[in-house]
Amino acid sequence: MTILIIEDNARVSALLKRGLESQDYKIYISEDAEDALVMIERIAIDLVITDIMLPQMNGIELSKIIKQKNPDLPIIMLTALGTIDEKIEGFDAGADDYMVKPFEIRELYARIKAVLLRKSSLPKKSDSSNSIEYQNLIVNINTNRVFRNEKEISLTPKEFKLLVFLMTHADRVLSREEIAENVWGNHFDTGTNYIDVYIAYLRKKIDKDFDEKLIHTKPGMGFIFTHQL
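Below or above, wherever it landed, is the structure these notes cover. (Residues numbered from 1 in each chain as written. Predicted model: local features only at pLDDT ≥ 70, side-chain atom pairs only at ≥ 80, totals over all residues. Heavy atoms only, no water.)

### Details of the side chain of D96
As for its placement among the helices and strands, D96 is situated in the loop between α4 (84-92) and β5 (97-100). A distance of 3.0 Å separates polar atoms of two side chains, one belonging to D96 and the other to K67. Those residues in contact with D96, other than ones at most four positions away along the chain, are K67, L73, P74, I75, F91, V115, R118, K158, K161 and W184. (Helix = DSSP H or I, 4+ residues; strand = E, 2+ residues; numbered from the N terminus. Polar contact = N/O pair within 3.5 Å; in protein donor to acceptor, adjacent residues only side chain to side chain. Contact = heavy atoms within 4.5 Å.)

### Quick look at the sheet that holds β5
Read from one edge of the open sheet, 5 strands run β2-β1-β3-β4-β5, paired in parallel fashion. Two strands in the sheet have a free side with no partner beyond their single neighbour: β2 (26-30) and β5. The average angle at which neighbouring strand axes cross in this sheet is 20°, direction not considered. The strands touched by helix α3 (residues 59-69) within the sheet are β1 (2-6), β3 (47-51) and β4 (75-79), with β4 carrying the most contacts at an inclination of about 175°. Relative to the sheet, α4 contacts β4 and β5, its axis offset from that of β5 by approximately 145°. (Pairing = 2+ DSSP bridges. Axes fitted to C-alpha atoms, helices over the stretch in contact; angles between N-to-C directions.)

### Structural notes on the pairing of strand β6 (residues 131-134)
Residues of β6 alternate between two faces, with I132 and Y134 buried on one and S131 and E133 left unburied on the opposite face. Two strands pair when backbone bridges link them, and β6 and strand β7 (residues 137-140) are joined in this way by 4 bridges, in the antiparallel orientation. Residue pairing for β7: Y134 is matched across the bridge by L137. Counting the residues that bridge the hairpin from β6 to β7 gives 2 residues, and of these Q135 lies at a positive phi of roughly 55°. (Buried < 20%, exposed > 50% of the residue type's maximum accessible area, 1.4 Å probe, protein only.)

### With respect to a negative patch on the surface
On the surface, D8, E31, E34 and D35 cluster together into a patch of negative charge. Within the fold, E31 resides in the loop between β2 and α2 (33-42). (Patch = residues over 30% accessible without salt bridge, like charges linked within 9 Å, V, L, I, M, F, W, Y side chains within 5 Å. Areas by Shrake-Rupley, 256 points an atom, 1.4 Å probe, with all protein chains shown as cover. Salt bridge = Lys/Arg side-chain N within 4 Å of Asp/Glu carboxyl O. Lys, Arg positive; Asp, Glu negative; His and termini not counted. Charge placed at Lys NZ, Arg CZ, Asp CG, Glu CD.)

### What about the nonpolar core?
Ranked by internal contacts, the top residues of the largest apolar core, which has 54 residues, are V48, V139, V146, L163, L166, I179 and F225. When residues no more than four places from it in sequence are discounted, the contact partners of I179 are L162, F165, L166, L174, W184, I195 and F223. (Core = buried A, V, L, I, M, F, W, Y, C linked by side-chain atoms within 4.5 Å.)

Structure (C-alpha cells):
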C-alpha cells in the first residue's frame, strides 16, 4: 500500500516515513499542497496523511480539493488543532480520521489499518448497482449525489458516509458504538457528542423539509433509519 505524507516539518515527516516503512508501506513525502496534488495525479496513492498547518494552502482546503477529484481516497489529518469545532471542520473537509499531535505511532498504525479496511468494505464503483434507494430517498454511490423526491441534497463526505451506513442497515436500531465503529473507526471516543451532532446535521438535510421522517432516536438505544414509526 502506498501512502503520501504531506508535512512541511522535515523531522516529523522523516519519523513518519521511517515508522511506516517498518510496517511495509511505500511512502512518498510532499512539503506543500500544490506539490501533493501533482503527486496524487501521477502516482497511485492508497492513503493520504496530511498536516493542517501547511504553507500556501492549508490541509483543510487541500482535503476538499482531493475529495472533489478523488472521493474514495482516504485522508488522515495529523494536527495540533484539537478542539471539537476543529475536528468537525476536518471531517467536513473530507477527513476519514483525525489525530491530534502528539500521538503514539502505534495508534497511527491502527488508524491506518482501520481506514483502509473501511475503504475496502465500501460499495465498489464497478458494482452493477450504483444506487441505494429507500422510499423516496436515492443515494448514488458512484457520484456521491443524494436525492429525495427528486430534490438534490448536498452532504459533506462524513454526512454521506453516515447516511450510507444508516440506509444499508435500515429498519434496525443502531447503537452509537456501532455507528462509531463503522463510520469513524473503532478508536472513536464515544464520550464525545460527534455522532449526535452529525445525526442532527443529517436530519436537517434529509428530513426537515419532508413530512415523513426517516431518522429516529431510540432513547437509551441509539438511532434507527425507517419510515415505519
